[in-house]
Amino acid sequence: MQQPVVRVGEWRVTPSINQISRQGRQLTLEPRLIDLLVYFASHPDEVLSRDEIIDNIWMRNIVTSHVVTQSISELRKWLKDGDEQSPEYITTVPKRGYKLTAPVVWMTEESADSGPSTLLASPETTPAGQVNTLPETETASAPSFRQARKKVDRRNRVASFWTWLLFLLSLGALIALVIMSLINSHPPVTKTRLLLNPRDIDVRFERGISCNKWSSQQSYAIGLGNLITSSLNTYSTFMVHDKTNYNVTEPSSSGKTLTIKFVNQRHYRAQQCFMSVLLVDNADSSVMLDKRYFITDNTLLSVQEDLLHSLSAVLTQPWPPRMQAQLAQFRNSQSLSLAQYYQADQLIMEGDVVSLNKASELLSVVAKDAPDFINALLEKVLVDVLRHSQQQFNEPQLTALNNELSKIAQLPGIEESATWYQIQTINGLSKGDIDNSYRNINKSIELEMSWLNYVLLGKIYEMKGDNRLAADAYITAFNLRPGENTLYWIENGVFQTSIKKAAPYLKTFLAQE
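Sequence positions are assigned chain by chain, starting from 1 and proceeding in written order. pLDDT decides what is reported in this predicted model: residues at 70 or higher carry local features, side-chain atom pairs at 80 or more are listed and counted, and totals for whole chains, interfaces and linings draw on all residues regardless. Computation of side-chain values covers all heavy atoms of the structure but excludes hydrogens and water.

(A) The arrangement of the overall build of the chain in detail. Helix and strand assignments follow DSSP, with helices taken as H or I runs no shorter than four residues and strands as E runs no shorter than two, numbered in order from the N terminus. Along its length, the chain carries 20 helices and twelve strands. Here the term buried applies to any residue with accessible area under 20% of the maximum for its type, exposed to any over 50%, and partly exposed to those in between, with areas from a 1.4 Å probe on protein chains only. Taking all 513 residues of the chain together, 45% fall into the buried category. Whether two residues touch is decided by their heavy atoms; if any such pair falls within 4.5 Å, the residues are in contact. Sequence-distant contacts, at least 24 apart, represent 61% of the contacts inside the chain between residues at least 6 apart. Residue exposure ignores everything except the shown protein chains as possible cover, and the areas themselves are Shrake-Rupley values with a 1.4 Å probe. For the chain, the computed accessible surface area is about 27500 Å², with 53% contributed by carbon and sulfur atoms.

(B) Layout of the packing of aromatic side chains. Only rings of Phe, Tyr and Trp enter the pairing, Trp through its six-membered ring, and a pair is recorded when the two centres are within 6.5 Å. The plane angle decides the type: under 30 degrees is stacked, over 60 is edge-to-face, the rest tilted. Within the structure shown, the criterion is met by twelve aromatic pairs. A centroid spacing of 5.7 Å and a plane angle of 70° characterise the contact between Tyr220 and Tyr342, whose relative ring orientation is edge-to-face. Of the two residues, Tyr220 sits in helix H7 (residues 214-235) while Tyr342 sits in helix H10 (residues 335-350), which places them 122 residues apart along the sequence. Tyr342 matches Tyr220 in its accessibility class, with the two residues each being buried. For the pair Phe330 and Tyr341, a centre-to-centre distance of 6.0 Å together with 80° between the ring planes defines the contact as edge-to-face. Of this pair, Phe330 sits in the loop between helix H9 (321-328) and H10 while Tyr341 is found in helix H10, placing the two residues eleven residues apart along the sequence. A relative accessible area of 7% means that Tyr341 is categorised as buried. Put simply, the rings of Tyr220, Phe330, Tyr341, Tyr342 and Phe373 touch in pairs and so form one group of aromatic residues.

(C) Fine view of the confidence of the model for the chain. Confidence along the chain averages 83 in pLDDT terms, with 84% of residues attaining 70 or more. Overall, residues 115-142 carries pLDDT values under 50, and its contacts beyond four positions in sequence, including any with other chains, amount to 31 contacts. Residue-level confidence of the predictor, termed pLDDT, takes values from 0 up to 100.

(D) Region of interest: helix H3 (residues 65-80). One less than the residue count of a helix, multiplied by 1.5 Å, gives the span that helix is expected to have. With 16 residues, H3 extends 23 Å between its outermost C-alpha atoms, agreeing within 8% with the 22 Å of an ideal straight helix rising 1.5 Å per residue. Val68, Ser71, Ile72, Leu75, Leu79 and Lys80 are the residues of H3 that are buried. Of the surrounding secondary structure, the elements contacted by the buried residues of H3 are strand S2 (11-14), strand S3 (19-22), helix H1 (31-42), helix H2 (50-57), strand S5 (90-93) and strand S6 (97-100).

(E) Up close: the layout of surface pockets. In this analysis a 1.4 Å probe is tested at points of a 1 Å grid over the protein atoms alone, and where it fits but cannot get out there is a cavity; an open set with protein on both sides within 12 Å along at least five of seven lines is a pocket; lining residues have an atom within 4 Å of a point. Grid points are joined across faces, edges and corners, and a volume is the space filled by probe spheres set on the points. One number sums up the size of the largest pocket: a volume of about 910 Å³. What lines the largest pocket is a set of 38 residues, and nearest its centre among them are Gln326, Asn375, Ser417, Thr419 and Glu448. At the level of elements, H7, H9, H10, helix H12 (374-390), helix H14 (418-431) and helix H16 (451-464) are the ones that each hand at least two residues to the lining of the largest pocket. Broken down by element, the lining of the largest pocket gets its largest block of residues, seven residues, from H7. Under the convention adopted here, Pro, Cys and the residues Ala, Val, Leu, Ile, Met, Phe, Trp and Tyr are nonpolar, Asp, Glu, Lys and Arg are charged, and Gly plus all remaining residues are polar. Of the residues contributing to the lining of the largest pocket, the split by class is 20 nonpolar, 13 polar and five charged.

(F) How the structure looks around unusual backbone geometry. One non-glycine residue, Asn18, lies in the positive phi region at around 55°. Mapping Asn18 onto the fold places it in the loop between S2 and S3. Within the chain, Lys95 stands out as a residue other than glycine whose phi angle is a positive 60°. Along the chain, Lys95 falls in the loop between S5 and S6. By relative accessible area, which is 91% here, Lys95 ends up exposed.

(G) Broad picture of the packing of H1 against H2. The N-to-C vectors of H1 and H2 enclose an angle of 120°; their axes lie 11 Å apart at closest approach. The angle between H1 and H2 places the two elements in the oblique class. The interaxial crossing formed by H1 with H2 has right-handed handedness. Contact with H1, carried on its side by Arg32, Asp35, Leu36, Tyr39 and Phe40, involves Glu52, Ile53, Asn56 and Ile57 of H2 and no other residues of that element. Looking at the contact of H1 with H2, its residues break down into five nonpolar, one polar and three charged. Every axis corresponds to a line fitted to the C-alpha atoms, with the helix fit spanning only the stretch in contact, and the corresponding angles, defined between N-to-C directions, vary from 0 to 180 degrees. What sets the label is the angle itself: under 35 degrees gives roughly parallel, over 145 gives roughly antiparallel, 65 to 115 gives roughly perpendicular, and the rest give oblique. Note: crossing handedness is left-handed where the near helix turns anticlockwise from the far helix by less than a right angle, and right-handed where it turns clockwise.

(H) Local environment of the environment of Gln326. Here Gln326 lies in helix H9. You can call Gln326 partly exposed: its relative accessible area is 30%. Sequence spacing of Gln326 and Glu416 is 90 residues, and the spatial spacing of their C-alpha atoms is 9.5 Å. Within the structure, Gln326 has its side chain in polar contact with the side chain of Tyr235 (distance 3.1 Å). Nitrogen and oxygen atoms within 3.5 Å of one another constitute a polar contact, given that in protein one can donate a hydrogen and the other can accept it, and given that sequence-neighbouring residues count only through two side-chain atoms.

This is the structure we're talking about:
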C-alpha cells in the first residue's frame, strides 16, 4: 500500500520514515513531532486547542500543556531550519490554540517522486474561481491518510483503554489482598513471655455494690486479703501480692490467683448476699478452692477461721504454732468489734490524716468493747503515733499517748508482736532516733513480712541518706501491696518523700500505667 505524503509549504513530509525534506536537504524528526505536523496538515487553517492536540497526538496520556507548547516550539525550529527569514508555519491564536498557515498538498510517495510538475495547490490554497485539477491519486490521498490515521487513533485508544483497565484491575486486586491480610492476620503484638511462678499468689478483690452493708463488707474482704497476704508471706514458702487496692489489668507471673467478691444469689426463695472466694491455678485454669460464705455480723470470725484452714489444706501449708497463736487473738473480739477493726484497718491503709482520725475513733470503741482484743489495742497506739508524727499532739493528747505506750509495753508476749516494733520505729523516727528505729524495724520484719514494714524501712534508709536501699525497700513494699494506698504511704508516711528522687524506677513504672 502506498503511504501518503504531504507537502507543507516548502517541506515534503514523509511520515513513514519520520522525515521532512526540501531542496535536497533531509531532516529526521521525532515520531511525535511528525505526528503533530501531519495532524496540523490534516486540519489546515483550523485553530487546534491544546486539549484537542493532547487527545489526538498523546491519546490522553498524562501530559501537561507545557509539553504541547514545547513540542510546537521544537517543530517550528525544525521547519525554520535555521533560516530566521523563513515564514512562520504554525501561529499561536491567543487563548484558543494553534493554526497551520502554510499551504498543504496531499499525495502518494509515487506521485511525489514523479516531480513537482504534478503537484498542485490544495483546494484551500487555489485562487478563487479556479478548479483543482489534481489527479485522482493525489486528491484521494488525503482522505486515505485521514482514514489510516483514524484507524491508528482508534487502535491507540483501544490499547489505552485496555491498559488502564488492566492497571485498575491490578490495583483493585492489590488493595483487596492488603485488606484481606489485615482482616485475616492478627496485628503484630509485642509479647512479654512470662514464666509462671507456682509459689506466687495474687490476692484480688472484685468491687461491686450489689449487697447491703457494702462498706463494712468491703472492709472485711480487704482485711481478709491483708491477713492472708501477711500470714502466707511470713509463715509459708509462698510469695503473696495483695492486689485488693490495685485495679490495673496487666500480665502477672503469679502461678495462682485468689479472688474475693460479693455476689447476690437466691437462697431458700430469697436473695442473699454471699462472699465468694475462688483460688485458681493459672497454669491450667483449674479451680483449687471455691467457697461461698453467707456473711452476717455473727459469722465474721467463723468465716475467717474456715477460710484460713481451707487455704492451709489446699496449699498443703500447715500453720506453725506462732501463727495459730496470733490467729487465736481474734477470738477475743466480738463480731461487731471485728467488723469495726477491719474498717479501721482499711482506714490505716489509706493513711491520710482524716482516715487516721476516724481509725483512732473506731479502735477506741473496739478497745472499750473488747478489752482483751490485743490486736485492736496495738493498732490504736500505732494510729495515734502516726497521727502525732504528722501533726503534733497537744499536751493532754501527748500524755494520753504516753500512757497507752506504757500500758501496751507491759502486755505479756508483746515482744512477739510486729506491730509493737512498728510503733517503736515510728516513735523513734519522730524523735530523729535513726539507729533505734533501724533495729526495731528489722525485728518487726523478722516477725512479719508486710508492706508497712518495708515502707518504714525505706523511710529509715532515706534518713540515713542511702537512697538506693530506700528505693529497694519502697519497691518491695509496692510489690507486696501495689496500689494507691501504698503509694500514698511512701510519699506521705511519717514524712514526705519524693518518689522521683528516692525511687525513680517506681516513678517510671507508675508513669507507664
